[in-house]
Amino acid sequence: MVGELVITRARLDDSIRRISRFIPEKEMDFLQETHSHMERQLRNLREGVMRIRMVPIGEVFERMQFVVMDVAREDRKSVKLEISGHDTEIDKLVVERMMDPMLHLVRNAVSHGIETKEERLAKGKPPDGKIRLNAYTSGDSVVIEIEDDGRGMDFEKILSKARSEGIIDGDELRNQGQTRDILDIICASGFSTKEEADMASGRGIGMAIVKNAVEGLNGSLSMETEPDKGTRFIINLPLTLLIVDALILASGGHIFAIPQPSVREVVEIEMDRINILENNELIIYRGAPLPIIRLGRVFGLTENYGPIVYGIILGSGSKKVGIMVEQMLTRREIVVRPITDPLVSVKGVAGATELGDGKPVLILHASDLINMASTKGGVLNA
C-alpha cells in the first residue's frame, strides 16, 4: 500500500505541474505547500514501514555456527567463529535471498581456506583457524564481510585450472595481479579447484550462485586475499529492495531509472573529448582513462546526442565504467517491480516502475551494465 501511495503522489505531482499555469499564484503556492507537506508525511510513513520490515542480520550469523561446526568436523579442522555487527538491520527479503550464498561462502572458508592443525603449526599460526562475520551499514547500503585467516588464494593454481577447463585461453594472462579477475574466474559456472566433490564444496556451481544472487539484489561482490594470511569476501547490498531513490534519465527517446545507491557520480562529457581505442570509447576521468558505453546502443535505440552528454559512473576499481546518456531529468522515489518472467527479462534491466504519467519506466541493472562493459573488447582488463 505504501508503494501504491508513492505512485499516487507521483501522479499528483505530475498533475500539479500540468495545471500550474491555469491556477492563480496565491492558490498555487498553497497547493504546492500542501503537496510538499504530504510528501514529507509519506516519506516518514515509508521509512516507518521499512523499519518494520528490517530484521537484524545476527539471525543469519547465528545459524552459521552450526555450519562451521559441521564442516570443520567433517574436514577434521579446528575452527572458531567470530561475529560482529549482528545488530545491523536489513530488509527481510534481502536476508532470505542471501541465506544460501552466505552458507556457501562460510563452507568455502572452512573447506578451502582454513588449513589443518598440522599445516597451521608448520606455518607458525595458532592451531585453531578463525572465521569472522561482520556487518555494518554504509549510507543506503549494508556491507557483509566473510573473512578467514587461512591459506589465501593460490592465483597460479586457479589460473592453471581455468586454462585446463577452457574458462580462459591458454595464452591469456588475465592480469595475474588483479584479484577482480581471479574473482571472475572462481565465480564462473562449473569452476572448482577441488578434484572430488564432498558435502561442502567441489561441484563448481556455488560461487556462480553467490555472484548471481548478489547481483540479482542490485549488490556487488568483491574479494581481498593474501597468501597464508587469509581471504575476505565483501558483499555490498541495498538496505531495501521495494522503494528506492532513483535517478531518472533519457536515452534514445526512452526514459530509464537507475537506483541512486548504484551510482558513484554523474559527470558532463564533451563529445569531442571522447577517445577511441581498439573500437572502444574512453574518456579521462580524474586523471585516468575510463571506458564508456552508450546506453542507446546497449538496447538498440536511435541515438540523439548533443555536444554535451552525461556519464553515469558505476562500479569501482578496475570495474569502473561510465554509462553515456543524453539527459539527466530528475531524482524520484520509485517502487521497484521486478521482472521475473524469463521470456521477457532483458540483460541490463532489473525491473520496471511508474513515475506518475501511467507509463512504465525500465529500471537499469547496474551490475549487468558493468559486466557488459567488461566484456566489450576487454577494455577493463587491458
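Keep in mind it's a predicted model, so treat the numbers as computed, not measured. (Residues numbered from 1 in each chain as written. Predicted model: local features only at pLDDT ≥ 70, side-chain atom pairs only at ≥ 80, totals over all residues. Heavy atoms only, no water.)

Scanning the protein for helices and strands turns up 10 helices and 19 strands. In the protein, which comprises 382 residues, the proportion classed as buried is 47%. Within the protein, counting contacts between residues at least 6 apart in sequence, those at least 24 apart form 66% of the total. Total accessible area computed for the protein in this model is approximately 20000 Å², and 51% of it derives from carbon and sulfur atoms. (Helix = DSSP H or I, 4+ residues; strand = E, 2+ residues; numbered from the N terminus. Buried < 20%, exposed > 50% of the residue type's maximum accessible area, 1.4 Å probe, protein only. Contact = heavy atoms within 4.5 Å. Areas by Shrake-Rupley, 256 points an atom, 1.4 Å probe, with all protein chains shown as cover.)

A few words on the packing of helix 1 (residues 2-19) against helix 2 (residues 25-53). Where helix 1 meets helix 2, the closest approach of the two axes is 11 Å, and the angle between their N-to-C directions is 165°. Relative to helix 2, helix 1 is oriented roughly antiparallel. Seen from above, helix 1 lies across helix 2 with left-handed handedness. Side by side, helix 1 and helix 2 meet where Val2, Leu5, Val6, Arg9, Leu12, Asp13 and Ile16 of the first sit next to Met28, Leu31, Gln32, His35, Met38, Glu39, Leu42, Leu45, Arg46 and Val49 of the second. (Axes fitted to C-alpha atoms, helices over the stretch in contact; angles between N-to-C directions. Parallel < 35°, antiparallel > 145°, perpendicular 65-115°, else oblique. Left-handed = near helix turned anticlockwise from the far one by under 90°.)

What follows is about unusual backbone geometry. What you tend to see is this: most non-glycine residues have negative phi, and most peptide bonds are trans. Despite not being glycine, arginine 76 has its phi angle at roughly 55°, a positive value. Along the polypeptide, arginine 76 turns up in the loop between helix 3 (58-75) and strand 2 (79-84). Even without a glycine there, the phi angle at arginine 286 is positive, about 55°. Assignment of secondary structure puts arginine 286 in the loop between strand 12 (280-285) and strand 13 (288-294).

Turning our attention to the sheet that holds strand 18 (residues 349-354). Ordered in space as 16-8-9-19-18-17, the 6 strands form an open sheet in which the pairing is mixed. Edge positions in the sheet fall to strand 16 (327-335) and strand 17 (337-338), since each of these pairs with one other strand and no more. Inspection of the sheet shows strand 17 paired to strand 18 by 2 bridges, in the antiparallel sense. Across the sheet, the residue bridging to arginine 337 is alanine 352, located in strand 18. Those strands touched by helix 1 are strand 8 (243-251), strand 16, strand 17 and strand 18, and its axis lies near 140° from that of strand 16. (Pairing = 2+ DSSP bridges.)

What follows concerns the environment of leucine 45. By the secondary structure assignment, leucine 45 is in helix 2. Judged by relative accessible area, leucine 45 falls into the partly exposed class, the value being 41%. Sequence separation between leucine 45 and valine 2 is 43 residues, and the spatial gap between their C-alpha atoms is 7.7 Å.

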